[in-house]
Amino acid sequence: MQNNVIRIALTKGRLEKKATELFGKMGFDTSLLSDRGRQLIARIPGRNTEVVVAKPPDVLTFVEHGVCDIGIVGKDTIIECGGEYFEVLDLGFGKCRFSLAVKKGEEFYGGYGVKTVATKYPNVTRNFFGSKGMDVDIVKIEGSVELAPLLDLADGIVDLVETGSTLRENGLEEIEEIAQISARLIVNTVSMKLKKQNLDEIISRIEENL
Ligand code: PRP
């Protein structure tokens, strides 16, 4: 990557639309990003800036390895995956929460047996129950975690809740909030020094337009 080019890793999916709107407000021409079809890297015309659209953990990987200077990614992924980069801004969109949920009316904390918890976020789940000194069996699920209690695979789930409708429509309920989540701006630690002027400018433009 040339030293005068800024490459941004953007999380595919829910955060993508909000971030593209933000780039638009900053005066970026986002046409190549919005209409990129199957193309994975979009140029921002006239700005020496490129946007790479990627899955959440890959955004962290690209920024950590310095192949992207900046990343836009959910705090959920940051908490789950960790890594070495600067977290510089809370972007305020993509708000949701990590919660513990169970089948409606069921008791989670009662009884003696070790509980089984299904999740896409095993580290978050381990740390949450670890901080309570509670031993749980964790089952990693890749798709709809809500299925696990419905199929009697788990006593509860740790998952993201935004509106609560997925839980409601599947007869589940939140019993405890674990953490508040929103989109964050992260920066590669070396880029922060080598491209300081360009990055400071972009970061303050982002801040002004939130
Ligand atoms: C997330 C999460 C829940 C749902 C919660 O999944 O895993 O299933 O959103 O949203 P709600 O409270 O507004 O119903 P997402 O739709 O992002 O898809 P995913 O399963 O691919 O992560």
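Note: the structure precedes this text.
Residues numbered from 1 in each chain as written. Predicted model: local features only at pLDDT ≥ 70, side-chain atom pairs only at ≥ 80, totals over all residues. Heavy atoms only, no water.

Participant: Is there a simple way to think about the environment of Pro-56 in this case?
Facilitator: The residue Pro-56 is located in helix H3 (residues 56-64) in this model. With 15 residues separating them in the primary sequence, Pro-56 and Gly-71 have C-alpha atoms 9.5 Å apart. Sequence-distant contacts of Pro-56, defined by excluding residues within four places in its chain, comprise Thr-11, Val-73 and Thr-77. (Helix = DSSP H or I, 4+ residues; strand = E, 2+ residues; numbered from the N terminus. Contact = heavy atoms within 4.5 Å.)

Participant: Help me understand unusual backbone geometry, please; the structure alone is not making it clear to me.
Facilitator: Note: most residues except glycine have negative phi, and most peptide bonds are trans. The phi angle at Asn-48 is positive, at roughly 55°, despite the residue not being glycine. On the basis of relative accessible area, Asn-48 is assigned to the partly exposed category, the value being 44%. Look at Asp-152: it is not a glycine, yet its phi comes out positive at around 60°. Topologically, Asp-152 is positioned in the loop between helix H6 (147-150) and strand E9 (156-161). By relative accessible area, which is 61% here, Asp-152 ends up exposed. (Buried < 20%, exposed > 50% of the residue type's maximum accessible area, 1.4 Å probe, protein only.)

Participant: Explanation requested: the site of the ligand in the structure shown.
Facilitator: Lining the immediate environment of the ligand, one finds Arg-14, Lys-120, Glu-146, Asp-159, Leu-160, Val-161, Glu-162, Thr-163, Gly-164, Ser-165 and Thr-166. Backbone polar atom of Glu-162 to an oxygen atom of the ligand: 2.8 Å apart, as the coordinates give it. The separation between an oxygen atom of the ligand and a polar side-chain atom of Thr-163 is 2.6 Å. Taking 500 Å² as the accessible area of the ligand by itself, protein coverage stands at 66%. When residues of the shell around the ligand are traced back to their parent elements, those giving at least two are E9 and helix H7 (165-169). The dominant element in the shell around the ligand, judged by the number of residues it contributes, is E9, at three residues. Taken together, the residues of the shell around the ligand sort by class into two nonpolar, four polar and five charged. (Near = heavy atom within 4 Å. Polar contact = N/O pair within 3.5 Å; in protein donor to acceptor, adjacent residues only side chain to side chain. Areas by Shrake-Rupley, 256 points an atom, 1.4 Å probe, with all protein chains shown as cover. Nonpolar A, V, L, I, M, F, W, Y, C, P; charged D, E, K, R; others polar.)

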